[in-house]
Amino acid sequence: VQVVTKGTPLLIPETDALITDLPNVGLYIHTADCIPLALWQPTGSWIGLIHAGWRGLANGIVLQVLAVLRERRVSLATLQVAIGPHAHAECYQVGAALCATFGSVPLAIINNATLDMTAVATHQLQSAGLSIHQIQVDPRCTVCDPNLASFRRNRTTLRNVSAIIRKSRCLV
């Protein structure tokens, strides 16, 4: 998890999560079939983006970001979360080892063959204390939607870009 502060390089390779409370700073990530997950405080100052594939979800990237926000005294009750387009369960066939990795997460494994990353991410968010009302899910599947990049669909090197910006507030 990279906390973006003044002086942070413009490009941050090899990180799956960015958060900041700096005004007028935008964050962006590239994904193909992994989940782009955006977090923001409608009345606060923190924003964040998470690149959450099966490895990141297995390693608790969502929970790690929430822990860093808690360390900075952010109340999770003030957050909103958007789960962006990604490969949905019907298009995300996985092997037995991954089924075992996520087998304890309710509804994560379907027919012992596919992984529902939405269910895993939502479970992690809710286990940290967020309510379902704080979570929005984009219904598009990157594999099914030809307007979105999908490595699973056609081995493309193209990626989808997700971005979030925190604008400074106007004081009148």
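Structure first, text after, so check above.
Residues numbered from 1 in each chain as written. Predicted model: local features only at pLDDT ≥ 70, side-chain atom pairs only at ≥ 80, totals over all residues. Heavy atoms only, no water.

Caption draft 1: Inspection of a nonpolar patch on the surface at higher detail. Judged by side-chain polarity, Leu-10, Leu-11, Tyr-28 and Val-161 come together as a nonpolar surface patch covering roughly 500 Å² of accessible area. One can find Tyr-28 in strand 3 (residues 25-31). (Patch = residues over 30% accessible without salt bridge, like charges linked within 9 Å, V, L, I, M, F, W, Y side chains within 5 Å. Areas by Shrake-Rupley, 256 points an atom, 1.4 Å probe, with all protein chains shown as cover. Salt bridge = Lys/Arg side-chain N within 4 Å of Asp/Glu carboxyl O. Helix = DSSP H or I, 4+ residues; strand = E, 2+ residues; numbered from the N terminus.)

Caption draft 2: Local environment of the packing of helix 2 (residues 61-71) against helix 4 (residues 117-127). At a closest axis distance of 9 Å, the pairing of helix 2 and helix 4 adopts a crossing angle of 30°. For the element pair helix 2 / helix 4, the angle class is roughly parallel. With respect to the hand of their crossing, helix 2 and helix 4 are arranged in right-handed fashion. Of the residues in helix 4, those in contact with Val-62, Leu-63 and Leu-66 of helix 2 are Gln-124, Leu-125 and Ser-127. For the contact of helix 2 with helix 4, a count of residues per class yields 4 nonpolar, 2 polar and no charged. (Axes fitted to C-alpha atoms, helices over the stretch in contact; angles between N-to-C directions. Parallel < 35°, antiparallel > 145°, perpendicular 65-115°, else oblique. Left-handed = near helix turned anticlockwise from the far one by under 90°. Contact = heavy atoms within 4.5 Å. Nonpolar A, V, L, I, M, F, W, Y, C, P; charged D, E, K, R; others polar.)

Caption draft 3: A look at the sheet that holds strand 1 (residues 2-4). The 6 strands are arranged 1-2-5-4-6-9 in an open sheet whose pairing can be described as mixed. Among the strands making up the open sheet, the edge pair consists of strand 1 and strand 9 (135-137). Adjacent strand axes in the sheet meet at a mean angle of 15° when their direction is disregarded. Bridging between strand 4 (residues 35-40) and strand 6 (residues 80-83) involves 4 bridges; their strand directions are antiparallel. (Pairing = 2+ DSSP bridges.)

Caption draft 4: Geometry of the packing of aromatic side chains. Applying the stated rule across the entire model yields 0 aromatic pairs. The ring of Tyr-92 is capped by Arg-152, whose NZ or CZ atom sits 3.8 Å from the centre of that ring. (Phe/Tyr/Trp six-rings, centres within 6.5 Å; stacked < 30°, edge-to-face > 60°. Lys NZ or Arg CZ within 6 Å of the ring centre and 35° of its normal.)

Caption draft 5: Region of the structure containing the pattern of salt bridges. Tallied over the entire structure, the rule returns 2 salt bridges. One salt bridge connects Glu-71 with Arg-72, and the closest N-O pair in it is separated by 3.8 Å. Owing to a relative accessible area of 61%, Glu-71 belongs among the exposed residues under this scheme. One salt bridge connects Asp-138 with Arg-140, and the closest N-O pair in it is separated by 2.8 Å. According to the relative accessible area criterion, Arg-140 is partly exposed, its value standing at 38%. (Buried < 20%, exposed > 50% of the residue type's maximum accessible area, 1.4 Å probe, protein only.)

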